Amino acid sequence: MSTDEITETPASPTGSRVLTGPHPRPLPQPPSHPRTRIRTRLAGRAPAPPSPGAVAHNISAATAVLLALVAIGSFIHEPVLIPPLAASAAIIHGAPRLPLAQPRSVIVGHLLCAAVGYAVLAVSGSTSWAAAMAAGISLAVMTVARTPHSPACATSVVIVLNTPQPATFVPLLMGSSVLLVLAGWAASCARPGAPRYPVYWW
């Protein structure tokens, strides 16, 4: 008997008979074009780009809160906007669902790293070696405290290298961190369909 012949199997529990035959062979797929493969590899596995409206909303919200920090600093004659806070604003408005962007990580992370920065400054002085050590210790402290926030490591570096007065720097740092969080919350409420921020407060 030929193997290509269709045979009849016994009746199924529902009473119907099923005709079976040889499994069809998959059709050969045409080889992809080299340019297509290159584009696929260059695209990577990054998430799809957000809509133009979401991009404009995030950029405008982040820029507005950073300008507000500059205005506050000009009013009180203190440098309020420091690089770590700009990085924090970028994370809050660019990736609001990440653990790094949540209020616990933003506020507590900056405060813990400020404490580490001043402790290292008191022990080792203001050197590049001490600044690198402060960044490493800050990362360890944030990991143990479950407050991951990479820009906060730069806060400890800024403290060691620039030696700001703690009586003014720490309150301004805390106030600025809270302002960044509140601005992220307000921005998520203002735009319909925006990702909810924060995912958790504490």
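In case you missed it, the structure is sitting above this.
The shown structure was predicted, so the numbers you read here are calculated from the model rather than taken from an experiment. (Residues numbered from 1 in each chain as written. Predicted model: local features only at pLDDT ≥ 70, side-chain atom pairs only at ≥ 80, totals over all residues. Heavy atoms only, no water.)

J.: How should I be thinking about the nonpolar core in this particular structure?
T.: Membership of the largest hydrophobic core comes to 22 residues, with the highest contact counts inside it found for Val-65, Leu-69, Leu-85, Ile-159, Phe-169, Leu-173 and Leu-180. Broken down by secondary-structure element, the contributors of at least two residues to this core are helix 2 (52–76), helix 3 (83–94), helix 4 (103–124) and helix 7 (166–190). Among residues more than four places away in sequence, those in contact with Phe-169 are Ile-82, Tyr-118, Thr-155, Ile-159 and Pro-164. Counting six residues, the second-largest nonpolar core is a separate cluster that includes Val-116, Val-120, Ala-131 and Ala-134. (Core = buried A, V, L, I, M, F, W, Y, C linked by side-chain atoms within 4.5 Å. Buried < 20%, exposed > 50% of the residue type's maximum accessible area, 1.4 Å probe, protein only. Helix = DSSP H or I, 4+ residues; strand = E, 2+ residues; numbered from the N terminus. Contact = heavy atoms within 4.5 Å.)

J.: Would you take a moment to explain unusual backbone geometry for this structure?
T.: A negative phi angle is the norm for most residues apart from glycine, just as the trans form is the norm for most peptide bonds. The omega torsion across Tyr-197 and Pro-198 is 0 degrees, close enough to zero to call that bond cis. Tracing the sequence through the fold places Pro-198 in the segment after helix 7. The backbone of His-77 shows a phi angle near 60 degrees, a positive value even though the residue is not glycine. The phi dihedral of Arg-146 is positive, around 60 degrees, even though this residue is not glycine. Classification of Arg-146 as exposed rests on a relative accessible area of 60%.

J.: Help me out: how do you make sense of the packing of aromatic side chains in this one?
T.: Each pair of aromatic rings is reported with the distance of its centres and the angle of its planes. Applying the stated criterion across every chain yields a total of one aromatic pair. Look at Tyr-118 and Phe-169: their rings are 6.5 Å apart centre to centre, the planes differ by 75 degrees, and that puts the pair in the edge-to-face class. You can see Tyr-118 sitting in helix 4 and its partner Phe-169 sitting in helix 7, a full 51 residues away along the chain. Given the relative accessible area of 10%, Phe-169 is considered buried. Seen from the ring of Trp-202, Arg-104 lies directly overhead, with NZ or CZ sitting 4.6 Å from the centre. (Phe/Tyr/Trp six-rings, centres within 6.5 Å; stacked < 30°, edge-to-face > 60°. Lys NZ or Arg CZ within 6 Å of the ring centre and 35° of its normal.)

J.: Whenever I open this one, the layout of surface pockets confuses me. Can you help?
T.: Over the atoms, a rolling probe the size of a water molecule traces out where space has been left empty. By volume, the largest pocket is sized at about 540 Å³. Among the secondary structure elements, those contributing two or more residues to the lining of the largest pocket are helix 2, helix 3 and helix 7. Per-element accounting of the lining of the largest pocket gives the leading share, six residues, to helix 2. (1 Å grid on protein atoms, 1.4 Å probe; cavity = no way out; pocket = protein on both sides within 12 Å on 5 of 7 lines; lining within 4 Å. Points joined across faces, edges and corners; volume = space filled by probe spheres on them.)

J.: It is not clear to me how the packing of helix 3 against helix 7 should be interpreted in this structure. Could you clarify?
T.: The axes of two packed helices give the description: the angle between them and the distance between them. For the pair helix 3 and helix 7, interaxial distance at closest approach is 10 Å and the crossing angle is 20 degrees. The angle between helix 3 and helix 7 places the two elements in the roughly parallel class. As for how helix 3 packs across helix 7, the hand of that crossing is right-handed. Between helix 3, through Leu-85, Ser-88, Ala-89, Ile-92 and His-93, and helix 7, the contact on the second element is made entirely by Leu-173, Ser-176, Ser-177, Leu-180, Val-181, Ala-183, Gly-184 and Ala-187. (Axes fitted to C-alpha atoms, helices over the stretch in contact; angles between N-to-C directions. Parallel < 35°, antiparallel > 145°, perpendicular 65-115°, else oblique. Left-handed = near helix turned anticlockwise from the far one by under 90°.)

J.: How should a nonpolar patch on the surface be read in this particular structure?
T.: On the surface, Met-174, Val-178, Leu-182, Trp-185, Trp-201 and Trp-202 cluster together into a nonpolar patch covering about 670 Å² of accessible area. By the element assignment, Leu-182 lies in helix 7. The class of Leu-182 is partly exposed, set by a relative accessible area of 42%. (Patch = residues over 30% accessible without salt bridge, like charges linked within 9 Å, V, L, I, M, F, W, Y side chains within 5 Å. Areas by Shrake-Rupley, 256 points an atom, 1.4 Å probe, with all protein chains shown as cover. Salt bridge = Lys/Arg side-chain N within 4 Å of Asp/Glu carboxyl O.)

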